[in-house]
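As a plain string of letters, each chain reads:
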Amino acid sequence: MAFVVWMTGLPCSGKTTIVRAMQKVVPNLAILDGDELREWLSPKDFSKEGRVEHNKKVAHLAKLLLKHNVPVGVSLVSPFFENRADARKIVGDDSKFFEVYVKCSLEECETRDVKGMYKKARANEIKQFTGVSDPYDIPTNPDFVVETDKETLDESVQKMLSFLKSKNVV
């Protein structure tokens, strides 16, 4: 069965890691990774308007895949309430759209940052970096929460799969 899991959280919180691990269990899971998609959908526009537009483009791709009965794991910071509300509206099927907050402390995200993005943001070498110089609106009513700074990857994935099974989509 098809669904859209919209993973939101700070950079390096574990969004992509979780959807990649889920792909090993959920046959045909398409991964829409925000960093990879940004290269050809919305190159290097990190303004608020650019982020809103990028999120909408990814939501339209997710909707298209869902329409063709493909399960989708979206890994995207989606920093603003508006991003996530737009995605839910664009996808349009609340019984198959799940906003998942990948909760992780800023300190732990910085520890995991192998690309050095947080360090560069703190040195003002990267502008408009979510969690440092740009805000992240913490979800107030997500469909599900995983706490990657308190759970192992396997625990987070198993919790996600149990949640999806409870919704009859896996």
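Relevant structure appears above.
The structure displayed is predicted, hence computed values, not measured ones.

1. Details of the side chain of Thr148
Take Thr148: it is sitting in the loop between strand S5 (144–147) and helix H7 (153–166). Its relative accessible area of 10% is what places Thr148 among the buried residues. Residues within four places of Thr148 in sequence aside, it is in contact with Ser13, Ile18, Val102, Lys103, Cys104, Arg112 and Ser156.

2. Focus: the pattern of salt bridges
Per the stated rule, a full pass over the model turns up eight salt bridges. The partner of Glu110 in a salt bridge is Arg122, and the shortest N-O contact between them spans 2.7 Å. One end of the pair, Glu110, is in helix H5 (residues 106–112); the other, Arg122, is in helix H6 (residues 117–122), and twelve residues separate them in sequence. When the shortest N-O distance is used, the salt bridge between Glu151 and Lys159 registers 2.5 Å. Classification of Glu151 by relative accessible area gives buried; the value is 15%. Under the relative-accessibility criterion, Lys159 is labelled partly exposed at 33%.

Reading the values: rules and limits
Residues numbered from 1 in each chain as written. Predicted model: local features only at pLDDT ≥ 70, side-chain atom pairs only at ≥ 80, totals over all residues. Heavy atoms only, no water. Helix = DSSP H or I, 4+ residues; strand = E, 2+ residues; numbered from the N terminus. Buried < 20%, exposed > 50% of the residue type's maximum accessible area, 1.4 Å probe, protein only. Contact = heavy atoms within 4.5 Å. Salt bridge = Lys/Arg side-chain N within 4 Å of Asp/Glu carboxyl O.

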